[in-house]
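Secondary and tertiary structure notes
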Amino acid sequence: MEQMLPMETSQQIAELFKAFGDTTRVRILYELTRGVSCFPHLVERLDRVVDSDGTIRDTASEELYAIRRSIREREGQAAKRLQQVLQAAKRAGIVEADAQLSVRDGKSVIPVSAANKRKLAGFIHDESATGRTFYVEPVEVVELNNELRELEYAEMREIVRILTELTAELRVDVEGLSRIEEYLTRIDLLRAKARWALDNGAVKPIISTEGRLLVRKGRHPLLEQTLKAQGKAIVPLDMELNAERRILVISGPNAGGKSVCLKTTGILQYMVQCGFLVPCLENSEFPLFDSLMIDIGDQQSLENDLSTYSSHLVNMKAMLQEASERTLIMIDEFGSGTEPTIGGAISESILERFVERKAYGVITTHYANIKYFASRNEGVANGAMSFDVKQIQPLFSLEMGKPGSSFAIEVARKIGLPEDIVRKAMDKAGEDHINLEKQLRENGDKLSEEDKTTIQTEIDAFKKVREGNNAEEIKAAMEGFTQKVYAIFGKLYQQQAPEGAAPDMGAQGGGQTGPNGETVYDADYKVVDDEEQK
């Protein structure tokens, strides 16, 4: 029944492309039309049987025409007789004055109150939900309705006969008709992609053969549509992965856009691999991967006996087995779901294996050891979600090359958490931890490779002390660790700050002396002179 429209449509499309000829503009589309026949004789045959909305025409056969004419006659007779019975029942007070004919089980019936149902001779076909109204088919039209039902059965038998005969004619050209179906399916898909691209400002990016994934002003299409409906603008993504820097570790505040960056990269790459135009700038570059592997959200399952963390580990196992230089890995909240120390250690080991396999990846995390790993290892880069520390709000833009901070203290104050709670949290975490995070965030990318190695060595040593669970030893090790790290940053400021500058390193006891015994940095690592020291 519906073959007519596709054949006519394919004919029109083919004629359009052939009108352009074998030109560069539509060369591929023109090639698709080759081997597609339009079967005009079948179109004509179908048009005699089926109308534009798919209904079998009365003129499809003489028998069908006669049956339908009889149906219309019986319907007219039945309707006229029913109206006569209804009017008589109204005059007799058997039915309500405003009662109208109804249909139940394909039968025309009269609604009668329960008290009067025996006063109107006929067959009861239904009752209302309340039981107060019964629907009666008067005996005067029972015979007419039976004749109508017989005619309807005859109509269906004739339609089946007609379609069976028509199908036999179409079966001769089944291969050609199948090619039309495939052709129109492909054209419909291409048209849908094109319309979507126009509606979303999508373009054709560069397909990289050098393993470069460069997103310029990339936009997540679903997020952009949602924000547009709210009258808001999306913050586009700029990021790059290449053969030298294959994995990006994104850190930053909660609700700051880390997961959006990951998902934007993932969906744009997947769209490219599916042949879609993508919402970004035309000079963006995308390689083609053999596999995209994703671990996002919580896949815990009672049925499969999986906790939040064990479900993540199952995904990590699969990724480790498949990871290669032709794989793009995307992991959200890397290492979360278990005790931070061991979770961070396992995550670092997994990340190290990804680096060895030369896999590409975008990973989000809050773990400091993962940030340190990214800063000191080739093939991995840090990325930070920008944050307005004055307004205490995320900016949703990615800054490549720097580790991010959770800004937990700032966010806690912003949302109005009681100040005494915030103060206690700072005391428990220690000013050293808070200030150190700030320095790593702001200046970590300026450290030399030697300084990075020194910091990592101190971290490893501190981890071993912490495993002993001796509070005094842990405290002493932490103090020694932070003093050495701050000494490194102090040296960095001394090398980079102009004369008279006063960078603030945070509250740390003690100062440093210059070659002549003068104080160079005070307790806050600010440049001072002898008079200030006195």
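The structure this text deals with has already been given above.
Quick look at the structure, then. (Residues numbered from 1 in each chain as written. Predicted model: local features only at pLDDT ≥ 70, side-chain atom pairs only at ≥ 80, totals over all residues. Heavy atoms only, no water.)

Thoughts on the packing of aromatic side chains
Two descriptors summarise a pair of aromatic rings, namely the distance from one centre to the other and the angle between the planes of the rings. Applying the stated criterion to the full structure yields 1 aromatic pair. For the pair Phe 289 and Tyr 360, a centre-to-centre distance of 5.3 Å together with 65° between the ring planes defines the contact as edge-to-face. Remark: Tyr 360 occurs in strand β12 (residues 360-364) and Phe 289 occurs in the loop between β9 (285-286) and β10 (291-295); sequence separation between them is 71 residues. In terms of burial, Phe 289 and Tyr 360 fall into one category: buried. (Phe/Tyr/Trp six-rings, centres within 6.5 Å; stacked < 30°, edge-to-face > 60°. Helix = DSSP H or I, 4+ residues; strand = E, 2+ residues; numbered from the N terminus. Buried < 20%, exposed > 50% of the residue type's maximum accessible area, 1.4 Å probe, protein only.)

Examining the packing of helix α4 (residues 62-91) against helix α5 (residues 142-171)
α5 packs onto α4 with a crossing angle of 160° between their chain directions and a minimal axis gap of 9 Å. In terms of orientation, α4 and α5 fall into the roughly antiparallel class. You can see that α4 and α5 cross each other, and the crossing is left-handed. Contacts between α4 and α5 involve Glu 63, Leu 64, Ile 67, Arg 68, Ser 70, Ile 71, Arg 74, Glu 75, Gln 77 and Ala 78 from the first element and Leu 144, Asn 145, Glu 147, Leu 148, Leu 151, Glu 152, Ala 154, Glu 155, Glu 158, Ile 159 and Ile 162 from the second. (Axes fitted to C-alpha atoms, helices over the stretch in contact; angles between N-to-C directions. Parallel < 35°, antiparallel > 145°, perpendicular 65-115°, else oblique. Left-handed = near helix turned anticlockwise from the far one by under 90°. Contact = heavy atoms within 4.5 Å.)

Comments concerning the environment of Gly 257
Note that Gly 257 resides in the loop between β8 (245-251) and α8 (258-273). Exposure remark for Gly 257: the relative accessible area of 11% places this residue in the buried category. Through-space distance from the C-alpha of Gly 257 to that of Val 235 is 9.7 Å; in sequence the pair is 22 residues apart. Those residues in contact with Gly 257 that lie beyond four places of it in its chain are Met 385 and Phe 396.

Some details on the pattern of salt bridges
Considering all chains together, one arrives at 22 salt bridges under this definition. Here Lys 402 makes a salt bridge to Glu 399, at a shortest N to O gap of 3.7 Å. Look at Lys 402 and you get partly exposed, because its relative accessible area is 21%. One continuous salt-bridge network, built from bridges that share partners, spans Arg 45, Glu 158, Arg 161, Glu 165 and Glu 169. (Salt bridge = Lys/Arg side-chain N within 4 Å of Asp/Glu carboxyl O.)

With respect to the sheet that holds strand β1 (residues 102-104)
What the 4 strands build is an open sheet, ordered β1-β2-β4-β3; its pairing is antiparallel. With one partner strand each, in any of the chains shown, β1 and β3 (122-127) form the two edges of the open sheet. Adjacent strand axes in the sheet meet at a mean angle of 50°, parallel and antiparallel pairs treated alike. Where strand β2 (residues 107-113) meets strand β4 (residues 133-138), 4 bridges bridge the pair, whose relative direction is antiparallel. Residue pairing in the sheet places Ile 110 in a bridge with Val 136 of β4. On the sheet, α4 packs against β2 and β4 and is oriented at approximately 5° with respect to β2. Strands in contact with α5 are β2, β3 and β4; relative to β2, the strand with the most contacts, it is inclined by about 145°. (Pairing = 2+ DSSP bridges.)

Examining the sheet that holds strand β11 (residues 327-331)
Here 6 strands make up an open sheet; going across it, the order is β10-β11-β12-β8-β13-β14 and the pairing mixed. Each edge of the sheet is formed by a strand with only one pairing partner; in this case those strands are β10 and β14 (393-400). Each strand axis lies, on average, 15° off the axis of its neighbour in the sheet, ignoring direction. The pairing of β8 with β12 spans 4 bridges and is parallel. Bridged to Ile 247 within β12 is Gly 361. Helix-sheet contacts for helix α9 (residues 308-322) involve β10 and β11, and the interaxial angle to β10 is about 160°.

Some points on α4
Taking 1.5 Å per residue, 30 residues should reach 44 Å; α4 reaches 44 Å between its end C-alpha atoms and fits that length. Buried residues of α4: Leu 64, Ile 67, Arg 68, Ile 71, Ala 78, Leu 82, Val 85, Leu 86 and Ala 89, and no others. Residues of α4 that are buried make contact with β2, β4 and α5. Gly 93 sits one or two positions beyond α4 and adopts a positive phi of about 75°. (Expected span 1.5 Å × (residues − 1).)

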